[in-house]
Amino acid sequence: MSDSALRGCDEPLQVSFDVALLDLDGVVYRGDHAVPHAPTALAEAREGGMLMMFVTNNASRTPDVVARHLTDLGMPTGPEEVTTAAQAAARMVAESADQDTRVLAIGGEGLRQALRAEGLTLVDTADDEPTVVVQGLEKSLSWTDLAEATYAILAGASHVATNLDSTLPTDRGLALGNGSLVAAVVHATGVQPRAAGKPQPEIFQQAASRAGARHPIVVGDRLDTDLAGARAAGYPGLHVLTGVDGPAELLRARRAERPSYLGTDLRALKVAHPAPQRGEGGRWTCRDAVAQVQDQTVLVRRGDSEIDLDAGAELTLDELRAACAAAWAASDEAGVSTVLPAPGGTVVVASD
Ligand SMILES: [Mg+2]
């Protein structure tokens with residue numbers, strides 16, 4: 001195979017793709033601050049005709065609240081430009097619902113609103129004989145709520161989770177995500193839930209359909225959710241380096257979560273992207289950049305010297321593209337998820 005997962009795009013991405021399906025945290029904002037360059041880049045992409053759809057696994061906030069937060073941070077957004085995992089779960093339930101479907105919602109107002117918007121009948125307790133339990137994160141959930149879900153599922157209701165994120169980043173570190181509370185219920189019932197949020201493809205497919213997309217592109221900062229979901233949905237993914245996963249994770253990316261394009265930040269939307277090319281002797285090039293894998297490490301050639309990425313390095317984006325293409329090809333040829341050992345030194349990409 002001579003191709004890399006990394007593709008080329010001769011035009012700016014915002015010209016080639018009609019809708020951007022954007023992750024929030026680590027892509028457009030971090031907490032109460034916009035990610036550098038995000039407001040300008042999104043405004044310019046919109047002016048060029050690209051539509052925005054923000055896609056979030058957060059099931060407790062309504063699209064209204066998300067849109068207002070983005071607007072407050074200098075990125076004017078309407079609620080119709082937000083797709084939450086609660087909406088994706090509600091649509092999933094509605095698609096197989098009939099007149100007898102009764103839903104017990106274990107979660108916050110965002111979840112209840114999404115279920116009502118699909119015209120579903122909500123009930124309050126397991127005693128009302130729900131046919132489906134839909135579970136989304138709400139920080140005030142208690143034993144009583146999880147017990148209600150358990151009673152209903154053991155009585156025969158199916159179990160749908162908005163998403164299965166094990167953790168949730170907070171100011172004080174990682175806390176329990178929805179998947180961990182779902183796991184508590186599953187531990188009691190033995191019934192495996194269906195899930196709608198990332199990395200499942202449904203949330204992206206629904207978001208694309210609501211935006212009327214013909215050629216959508218997913219934009220994310222996490223390989224195991226955003227980029228894996230993009231691959232599952234069959235959409236190209238742009239990975240930006242402003243969030244969770246950096247060059248070390250990219251070099252070790254499994255086939256099912258490799259992005260199609262790389263960018264330092266959202267300014268990557270307004271430029272063309274070069275494709276890495278396979279050269280002689282296992283070398284990969286990307287414009288002037290050259291990289292190859294030798295003895296389980298990636299070497300980047302710069303002039304007459306070779307930089308061993310295991311020792312840490314500051315790369316250009318083209319060097320990272322060539323290095324990823326080399327690392328992924330060597331891993332595929334060896335039939336393993338990655339040939340590289342755990343990261344040694346820190347690899348960063350110089351930002352301009
Ligand atoms: Mg993110």
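The sections below set out a description of the structure shown in this document. (Residues numbered from 1 in each chain as written. Predicted model: local features only at pLDDT ≥ 70, side-chain atom pairs only at ≥ 80, totals over all residues. Heavy atoms only, no water.)

Points about the coordination of the magnesium ion
Part 1 of the reasoning: Ligation of the magnesium ion by protein atoms is provided by Asp23 (OD), Asp25 (O) and Asp221 (OD), these donors lying 2.0 to 2.2 Å from the ion.
Part 2 of the reasoning: Of note, the magnesium ion draws all its donor residues from one chain, in the sequence arrangement D-x1-D-x195-D. Remark: aspartate 221 occurs in the loop between β13 (216-220) and α9 (223-233) and aspartate 25 occurs in the loop between β1 (19-22) and β2 (29-30); sequence separation between them is 196 residues.
Part 3 of the reasoning: Owing to a relative accessible area of 2%, aspartate 221 belongs among the buried residues under this scheme. (Donors = N, O, S within 2.8 Å, 3.2 Å for Na, K, Ca; no water. Helix = DSSP H or I, 4+ residues; strand = E, 2+ residues; numbered from the N terminus. Buried < 20%, exposed > 50% of the residue type's maximum accessible area, 1.4 Å probe, protein only.)

Considerations on empty space enclosed by the protein
Part 1 of the reasoning: The tally for this structure, following the rule as stated, stands at two cavities of 30 Å³ or more.
Part 2 of the reasoning: Of all the elements in the fold, those that place two or more residues in the lining of the largest cavity are α10 (247-251) and β19 (297-302).
Part 3 of the reasoning: In terms of residue class, the lining of the largest cavity is made up of eight nonpolar, four polar and two charged.
Part 4 of the reasoning: Each of domain 1 (13-83 + 199-270) and domain 3 (277-349) accounts for three or more of the residues forming the lining of the largest cavity.
Part 5 of the reasoning: Within this model, the second largest cavity holds a volume of roughly 30 Å³.
Part 6 of the reasoning: Residue classes in the lining of the second largest cavity are distributed as five nonpolar, two polar and two charged. (1 Å grid on protein atoms, 1.4 Å probe; cavity = no way out; pocket = protein on both sides within 12 Å on 5 of 7 lines; lining within 4 Å. Points joined across faces, edges and corners; volume = space filled by probe spheres on them. Nonpolar A, V, L, I, M, F, W, Y, C, P; charged D, E, K, R; others polar. Domains from an automatic or database assignment.)

What about the packing of aromatic side chains?
Part 1 of the reasoning: The tally for this structure, following the rule as stated, stands at one aromatic pair.
Part 2 of the reasoning: For the pair phenylalanine 17 and tyrosine 261, a centre-to-centre distance of 6.1 Å together with 70° between the ring planes defines the contact as edge-to-face. Placement of the pair is phenylalanine 17 in the loop between α1 (13-16) and β1 and tyrosine 261 in strand β15 (residues 261-263), with a sequence separation of 244 residues. No difference in accessibility class separates phenylalanine 17 from tyrosine 261, as the two residues are buried. (Phe/Tyr/Trp six-rings, centres within 6.5 Å; stacked < 30°, edge-to-face > 60°.)

Thoughts on the packing of helix α4 (residues 85-95) against helix α8 (residues 202-210)
Part 1 of the reasoning: Axis separation between α4 and α8 bottoms out at 9 Å; the angle between their running directions is 90°. Relative to α8, α4 is oriented roughly perpendicular. Between α4 and α8, the residues in contact are Ala85, Gln87, Ala88, Arg91 and Met92 and Glu202, Ile203, Gln206 and Arg210, respectively.
Part 2 of the reasoning: In terms of residue class, the contact of α4 with α8 is built from four nonpolar, two polar and three charged. (Axes fitted to C-alpha atoms, helices over the stretch in contact; angles between N-to-C directions. Parallel < 35°, antiparallel > 145°, perpendicular 65-115°, else oblique. Contact = heavy atoms within 4.5 Å.)

Considering the environment of alanine 67
Part 1 of the reasoning: For alanine 67, the position within the fold is in helix α3 (residues 63-72).
Part 2 of the reasoning: Classification of alanine 67 by relative accessible area gives buried; the value is 2%.
Part 3 of the reasoning: Sequence-wise, alanine 67 and glycine 312 are 245 residues apart; in three dimensions their C-alpha atoms are separated by 39 Å.
Part 4 of the reasoning: Contact partners of alanine 67, with chain neighbours within four places excluded, come to Thr77, Gly78, Pro79 and Val82.

A closer look at helix α2 (residues 38-47)
Part 1 of the reasoning: Along α2, the positions that sit buried rather than exposed are Ala38, Ala41, Leu42 and Ala45. All buried residues of α2 fall inside an arc of 95° around its axis, so they share one side.
Part 2 of the reasoning: The secondary structure elements touched by the buried residues of α2 are α1, β1 and β4 (51-56).
Part 3 of the reasoning: Looking one or two residues beyond α2, the residue adopting positive phi is glycine 49, at roughly 105°. (Arc of directions from axis to C-beta.)

Things to note about a negative patch on the surface
Part 1 of the reasoning: Residues Asp124, Asp127, Asp128 and Glu129 make up a contiguous surface patch of negative charge.
Part 2 of the reasoning: The residue aspartate 128 is located in the loop between β7 (121-123) and β8 (132-135) in this model. (Patch = residues over 30% accessible without salt bridge, like charges linked within 9 Å, V, L, I, M, F, W, Y side chains within 5 Å. Areas by Shrake-Rupley, 256 points an atom, 1.4 Å probe, with all protein chains shown as cover. Salt bridge = Lys/Arg side-chain N within 4 Å of Asp/Glu carboxyl O. Lys, Arg positive; Asp, Glu negative; His and termini not counted. Charge placed at Lys NZ, Arg CZ, Asp CG, Glu CD.)

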